[in-house]
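Understanding the architecture of this molecule
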Amino acid sequence: MSKTQHSPRNPKSINEVVSSGLCIGCGLCQAIAPEVYSMQITENGALRPFPLSDDISKDTEILSACPGALVIAENDGAALHDSIWGAYTSMTRTWAGDPDVRFKAATGGVLTALGMWLLSSGRADFVLHCGADPAKPMRSRYVLSRTPEQVLKNTASRYGPSDTLAGLEAALQLDKPFALIAKPCDANAIRARAKNDKRLDKNLVAVLVMVCGGASDLGKSEAVLDEYGLEEDELSLFRYRGHGNPGPTRIETKSGQHFEKTYQEMWADESGWRIQSRCKLCPDPNGEAADLAAADIWPNANPVGEDEGFNGVIGRTAKGQSLIDAAHLDGALVSDLTLSPRDFDHFQPHQVHKKKSMAARLRGLAAAGQVVYAHKGLRIDELDDSLPEEEKGAYDRAKQGKFSEPWPPIPRKSSLLCKQTS
Ligand SMILES: Cc1cc2nc3c(=O)[nH]c(=O)nc-3n(C[C@H](O)[C@H](O)[C@H](O)COP(=O)(O)OP(=O)(O)OC[C@H]3O[C@@H](n4cnc5c(N)ncnc54)[C@H](O)[C@@H]3O)c2cc1C
Ligand code: SF4
Ligand code: SF4
């Protein structure tokens, strides 16, 4: 196991993961130990595991897959390799063959089209992913989509907290083949979990992820409601993007009002993004543990307007590549260009910077006495650009308590446990 130096210590409990700002709220601990951990919204608008008892006997098992404790990317069968982008089988410009999917989805609809096609081709019985909570549409909850129509209903990016893996045990209990569509950290977690849960070897047919710049806490969305003078319980729709590429953020109320912001308006002020601390430390934002990763391909990560929707798709594994090829043959996906790792550098300069900064950030945290995750297969030390300002920044922020969270987490006064639908 490779570890970034300065005597880093890895978390030994869920308490330590959360209190050190390493929890992304994936929901896996609730799936493994629902009698001990329950995912709820904190007073700061993050999803975190709330302890229901003092029992920590399942912590070791959870920590062996928790993305706040270790992050692993192991690749099977990829012939190509790039130090920034990792192992891959292909890089292409791709979109959904169905124009309706392409329009409604976040970018070109590749993840949704593949999820729908896995069901319609009989390769999977359902897809575990996330979508808007019908009762609280600004929030997300996991969903088991059993039909292509349900996959499409839950299309497009959700920029707030999401705990998709809270649905993992419900998925496994069905004992049917299924696909996961989720974030790269969820892919890290499910691959690590597969080592201890053989049901995943049997039934997990594909892991499909988006390239991910970071997940905001709920405060980012609440700030939008504040601008329009709205309360959360007035909402009937909160769509972050889609219906175009990138498409507007659209809010509708039960009383028939609607509001829209362009993507540029939504994300113009970086100081208001409220990205969670685990994301600032993310060693695998590009989905190296997945079978396939789908990205935006705007120059320098900036959309210049609306377009029809084009994904940059990175095939990661032999299995992922065979799914991509078969989906093309069936018309579910369409591609027109081969891309290269240097094209992806141009589309995602923030991810290149993040990969090269991560060793310095982890060093800064370790020097400040924080625990950090263990990592393997992500070239964090190899890519180390020895950036002193990154190391100092992480050290200073750690000393100021900016990577610290309370344990047990403090609930929102208005927090409701979201009812799951499947
Ligand atoms: C938090 C976040 C940050 C992102 N940052 C970047 C970035 O830096 N660079 C980049 O190129 N792209 C980024 N994206 C990805 C981009 O928005 C598109 O999701 C991606 O291009 C795939 O497009 P698509 O049309 O194939 O997805 P779609 O076909 O619309 O499918 C999206 C799928 O992802 C699932 N999903 C949506 N939101 C979440 C979530 N929060 N957690 C788990 N699953 C979710 C949905 O259930 C759906 O199945 C980000 C997405 C998110 C959610
Ligand atoms: S990252 Fe996931 S598994 Fe780890 S503590 Fe947070 S919710 Fe639990
Ligand atoms: S940036 Fe990394 S940790 Fe944050 S949500 Fe994305 S994949 Fe997960």
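**Comments concerning the sheet that holds strand β6 (residues 90–96)**
Picture the strands of a sheet paired through backbone hydrogen bonds; they go either parallel or antiparallel. Pairing is mixed across the open sheet formed by 8 strands, whose spatial order is β8-β7-β9-β10-β14-β15-β6-β16. In the strand order of this sheet, the two ends are held by β8 (136–145) and β16 (333–338), each with one partner. Across the sheet, the mean angle separating the axes of adjacent strands is 30° when strand polarity is ignored. Sheet strands touched by helix α8 (residues 184–194): β9 (178–182) and β10 (204–210). Its angle to β10, the strand with the most contacts, is close to 155°.

**Concerning the nonpolar core**
The tendency in soluble globular proteins is for nonpolar side chains to be buried side by side. In this structure, Leu-168 and Phe-178 are the most contacted members of the largest nonpolar core, which totals 96 residues. When residues in this core are grouped by element, the largest group, 6 residues, is from α8. Filtering out sequence-adjacent residues up to four positions away, Leu-168 remains in contact with Leu-28, Ala-31, Leu-128, Phe-178, Ile-190, Arg-193 and Leu-200. Listed in part, the 27 residues of the second largest apolar core include Val-127, Leu-152, Ala-179 and Ile-324.

**Overview of the site of ligand 2**
Around ligand 2, the surrounding shell consists of Ile-14, Val-17, Cys-23, Ile-24, Gly-25, Cys-26, Gly-27, Leu-28, Cys-29, Met-39, Cys-66 and Pro-67. Counting residues per element, the ones that place at least two in the shell around ligand 2 are α1 (14–19) and α2 (28–32).

**A closer look at the packing of aromatic side chains**
On inspection of all chains with the given rule, the structure shows 11 aromatic pairs. For the pair Phe-126 and Phe-178, a centre-to-centre distance of 5.2 Å together with 5° between the ring planes defines the contact as stacked. Here Phe-126 is found in strand β7 (residues 126–133), whereas its partner Phe-178 is found in strand β9, with 52 residues between them in sequence. Chaining the aromatic ring pairs together yields one cluster made of Tyr-159, Phe-238, Tyr-240, Trp-267 and Trp-273.

**Digging into the sheet that holds strand β13 (residues 258–261)**
The strand order across the open sheet built from 3 strands is β11-β12-β13, with neighbouring strands paired in antiparallel fashion. A single partner strand is all that each edge strand has here, and the edge strands are β11 (235–239) and β13. Strand-to-strand twist in this sheet, taken as the mean axis angle between neighbours without regard to direction, amounts to 10°. Across 4 bridges, β11 lies against strand β12 (residues 249–253) in antiparallel orientation. For Phe-238, the partnering residue across the bridge sits in β12 and is Ile-251.

**Overview of the pattern of salt bridges**
Within this structure, the stated rule accounts for 31 salt bridges. A salt bridge links Asp-100 to Lys-104, with the shortest nitrogen-to-oxygen separation between them at 3.2 Å. Here Lys-104 and Asp-100 lie together in helix α4 (residues 99–104), a separation of 4 residues that amounts to about one turn. A residue is classified by how much of its surface remains accessible, and Asp-100, at 33% relative accessible area, is partly exposed. Lys-104 sits in the partly exposed class, given a relative accessible area of 27%. Its salt-bridge partner being Lys-183, residue Asp-186 comes within 3.3 Å of it at the nearest N-O pair. Of the two residues, Asp-186 and Lys-183, neither departs from the other in class, the shared state being buried. In this structure, a network of salt bridges that share partners links the residues Glu-61, Glu-169, Arg-193, Asp-197 and Arg-199.

**Some remarks on helix α13 (residues 318–329)**
Here α13 spans 17 Å end to end across 12 residues, near enough to the 16 Å set by a 1.5 Å rise per residue. For α13, every residue scored as buried is listed here: Gly-320, Gln-321, Leu-323, Ile-324, Ala-326 and Ala-327. Packing partners of the buried residues in α13 comprise β6, α5 (110–120), β10, β14 (292–296), β15 (311–315) and β16.

**Some remarks on the pairing of β6**
Along β6, 6 of the 7 residues are buried, which leaves the element largely enclosed by surrounding structure. Where β6 meets β15, 5 bridges bridge the pair, whose relative direction is antiparallel. Counterpart to Met-91 in the pairing with β15 is Ile-314. Strand direction decides the pairing type here: β6 and β16, joined by 5 bridges, are antiparallel. Residue pairing for β16: Arg-93 is matched across the bridge by Leu-337.

Criteria and thresholds
Residues numbered from 1 in each chain as written. Chains lettered and ligands numbered in written order. Predicted model: local features only at pLDDT ≥ 70, side-chain atom pairs only at ≥ 80, totals over all residues. Heavy atoms only, no water. Pairing = 2+ DSSP bridges. Helix = DSSP H or I, 4+ residues; strand = E, 2+ residues; numbered from the N terminus. Axes fitted to C-alpha atoms, helices over the stretch in contact; angles between N-to-C directions. Contact = heavy atoms within 4.5 Å. Core = buried A, V, L, I, M, F, W, Y, C linked by side-chain atoms within 4.5 Å. Buried < 20%, exposed > 50% of the residue type's maximum accessible area, 1.4 Å probe, protein only. Near = heavy atom within 4 Å. Phe/Tyr/Trp six-rings, centres within 6.5 Å; stacked < 30°, edge-to-face > 60°. Salt bridge = Lys/Arg side-chain N within 4 Å of Asp/Glu carboxyl O. Expected span 1.5 Å × (residues − 1).

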